[in-house]
Structures are given as structure tokens and as C-alpha cells.
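Structural overview for review
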Amino acid sequence: MLFRSAQANVESSGIQDRFQALAELFDQNQEAATQSLSRLTDQTPQDVSLWFFSGNNQVAAHHLDEAEASYTACIALSPRWSLAWFQRGTIRLMAKQFEKAIEDFTRAYELNPKDLGSLRNRAICRQALQDYEAAVADCTLAIEQGFPETRIYFLRAKLFDSLGRIAEAEADRREGFTRSEEHTSELQSHSDLVCRLLLEKK
């Protein structure tokens, strides 16, 4: 009975520590969150979620090396978790480790083909390496699969410019501006609807 009571207290303390760390993370108190998450990952190094939160906190604190290490721990614990690969790839992109970032985005996309952000980011890496044809292919694949952000057209337009394919670049810019206007119109319509609903409730 005493053992069970002690075990319950330990588990309760662990839960409280976790909630405390998350509260510090969401309050953007990076220094406190770093200390709490470091202590928690030492206590339960097999908990992939703690490493993921630690990585996110290190990104917010602009500690890219530490963030990369945390996401690497996530991958080691859960190698089929596409988001961990994507996050590490993003860190490597920020650090201009383009070849390594491409490997991570490729793996993220393989694990989750619906993650079209991996294609966009891989295209950005390939643009930085002046591999324009491959970057165009990534953008085209993302567009064909329904990538929702209009900036993908402007990215591909820049790539077409680099390849001297001016007509295709201009066509992409026109498409990007058209879709941007449509998106703005949709947002305005949604805003108008919300306003009408609020007025009807008064």
C-alpha cells in the first residue's frame, strides 16, 4: 500500500512537471521551459513528445543546434513520424545545411505524401543550390497535388526566371496574383458573414 501511494505521488509529480513545462512553453518563457524540459527529458528520455516540445522551445529561443539535436532524438525514438523529419529539415534549412535538409524533407514527404510543405521547402533548398530544374519539379508536384498557398507560384516564377523561361515565369506570376485576389475575396466574404451573424445576435 505504501509503495502504491509513493508511486502515485511520483506519477502525479511527473504530470505536474509536464504541465508546468508546457505552460512555460506556451507563455514563451524559453529560459524556464528549457530548464523544465531538460529535467523531464533526463527523467524520461524515451518520451518522444518531450523531445519534440524541447525542439520547438529551442527554435523559439533561436538555439538551432539544440533544436536539431532534439528533433534528431525524436527521429531516433519514432523514425516514421514525418513531422519530426520536417522540423529537423526546417532547422537545417535555416542553418543553410541544404543537402541535409533535402534528405529530411524527402523522408518527411515519403512518410506523409499529404505534407506538401515538404515539397515547397525542398524546392527552396534546391533553389539555394541552384538546382533549378529539380526545384521546379517540386513546385509543380506541389501545385498538382493542391498546395494551398499562392506563394508557390511566385517561387516557381523565380525559378523559371533563373532558367530563362520568361513566359512561364510571367504566367505563374499572373496565376499567383489571380489566386491571391480570389483568396482575399474569400476572406472578405467570410468576414462579412461573421459580421452579419454578430449583428443578428444583438
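Data block above holds the structure.
An account of the accompanying structure is given in this report.

About the thresholds
Residues numbered from 1 in each chain as written. Predicted model: local features only at pLDDT ≥ 70, side-chain atom pairs only at ≥ 80, totals over all residues. Heavy atoms only, no water. Helix = DSSP H or I, 4+ residues; strand = E, 2+ residues; numbered from the N terminus. Buried < 20%, exposed > 50% of the residue type's maximum accessible area, 1.4 Å probe, protein only. Areas by Shrake-Rupley, 256 points an atom, 1.4 Å probe, with all protein chains shown as cover. Axes fitted to C-alpha atoms, helices over the stretch in contact; angles between N-to-C directions. Parallel < 35°, antiparallel > 145°, perpendicular 65-115°, else oblique. Left-handed = near helix turned anticlockwise from the far one by under 90°. Contact = heavy atoms within 4.5 Å. Nonpolar A, V, L, I, M, F, W, Y, C, P; charged D, E, K, R; others polar. Core = buried A, V, L, I, M, F, W, Y, C linked by side-chain atoms within 4.5 Å. Polar contact = N/O pair within 3.5 Å; in protein donor to acceptor, adjacent residues only side chain to side chain. Salt bridge = Lys/Arg side-chain N within 4 Å of Asp/Glu carboxyl O.

**Digging into the overall build of the protein chain**
Check the secondary structure of the protein chain and you find 10 helices and 0 strands. N-terminal to C-terminal, the α/β element order of the protein chain is α-α-α-α-α-α-α-α-α-α. Within the protein chain, buried positions represent 36% of all 202 residues. For the protein chain, the computed accessible surface area is about 12400 Å², with 54% contributed by carbon and sulfur atoms.

**Observations concerning the packing of helix H3 (residues 48-60) against helix H4 (residues 64-77)**
Between two packed helices, what matters for the description is the angle formed by their axes and the separation of those axes. Across the interface, H3 lies against H4 with an axial gap of 8 Å and an inter-helix angle of 160°. Here H4 runs roughly antiparallel to H3, going by the angle between their axes. Classified by chirality, the crossing of H4 by H3 is left-handed. Facing H3, whose interface residues are Val48, Trp51, Phe52, Ser54, Gly55, Asn56, Gln58 and Val59, H4 presents Glu66, Ala67, Ser70, Tyr71, Ala73, Cys74 and Leu77. For the contact of H3 with H4, the per-class residue count stands at 9 nonpolar, 5 polar and 1 charged.

**Some words on the side chain of serine 82**
Within the element layout of this structure, serine 82 appears in helix H5 (residues 82-94). Residue serine 82 is classed as buried on the basis of its relative accessible area, which comes to 12%. Once residues within four sequence positions are removed from consideration, serine 82 is found in contact with Ala108, Leu111 and Asn112.

**As for the environment of leucine 37**
Its place among the elements puts leucine 37 in helix H2 (residues 30-43). Accessibility expressed as a relative area gives 2% for leucine 37, which makes it buried.

**Examining the nonpolar core**
Core analysis: the biggest nonpolar cluster contains 18 residues, and Cys139, Ile152, Leu155 and Leu159 have the highest contact counts within it. Elements that contribute at least two residues to this core include exactly helix H7 (116-128), helix H8 (132-144) and helix H9 (151-162). Aside from chain neighbours lying at most four places away, what touches leucine 155 is Arg120, Ala123, Ile124, Gln127 and Cys139. Among the nonpolar cores identified, the runner-up in size contains 17 residues, and Phe52, Ile91, Phe98 and Leu111 belong to it.

**Things to note about the environment of arginine 107**
Residue position: arginine 107 is located in helix H6 (residues 98-111). For arginine 107, a relative accessible area of 27% gives the class partly exposed. Between the alpha carbons of arginine 107 and phenylalanine 86 there is a distance of 8.2 Å; along the sequence they are 21 residues apart. Not counting chain neighbours up to four residues away, the residues in contact with arginine 107 comprise Arg80 and Trp85.

**Overview of the side chain of arginine 120**
Following the sequence through the fold, arginine 120 ends up in helix H7. Relative accessible area serves as the criterion here: at 13%, arginine 120 is assigned to the buried category. Looking at arginine 120, its side chain comes within polar contact range of the side chain of glutamate 149, at 3.2 Å. Apart from the residues lying within four places of it in its own chain, the contact partners of arginine 120 are Phe86, Phe147, Glu149, Arg151, Ile152 and Leu155.

**Thoughts on the pattern of salt bridges**
Inspection of the entire model under this criterion finds 13 salt bridges. Aspartate 138 is the partner of arginine 126 in a salt bridge, and the nearest nitrogen-oxygen pair spans 2.9 Å. Here arginine 126 is found in helix H7, whereas its partner aspartate 138 is found in helix H8, with 12 residues between them in sequence. Taking relative accessible area as the criterion, arginine 126 reaches 17% and is therefore assigned buried. On the basis of relative accessibility, which here comes to 3%, the residue aspartate 138 falls in the buried class. Note that arginine 165 is salt-bridged to glutamate 168, the shortest N-O span being 2.7 Å. By relative accessible area, arginine 165 is classed as partly exposed at 27%. Through salt bridges that share partners, Glu68, Arg88, Arg92 and Asp104 make up one connected network.

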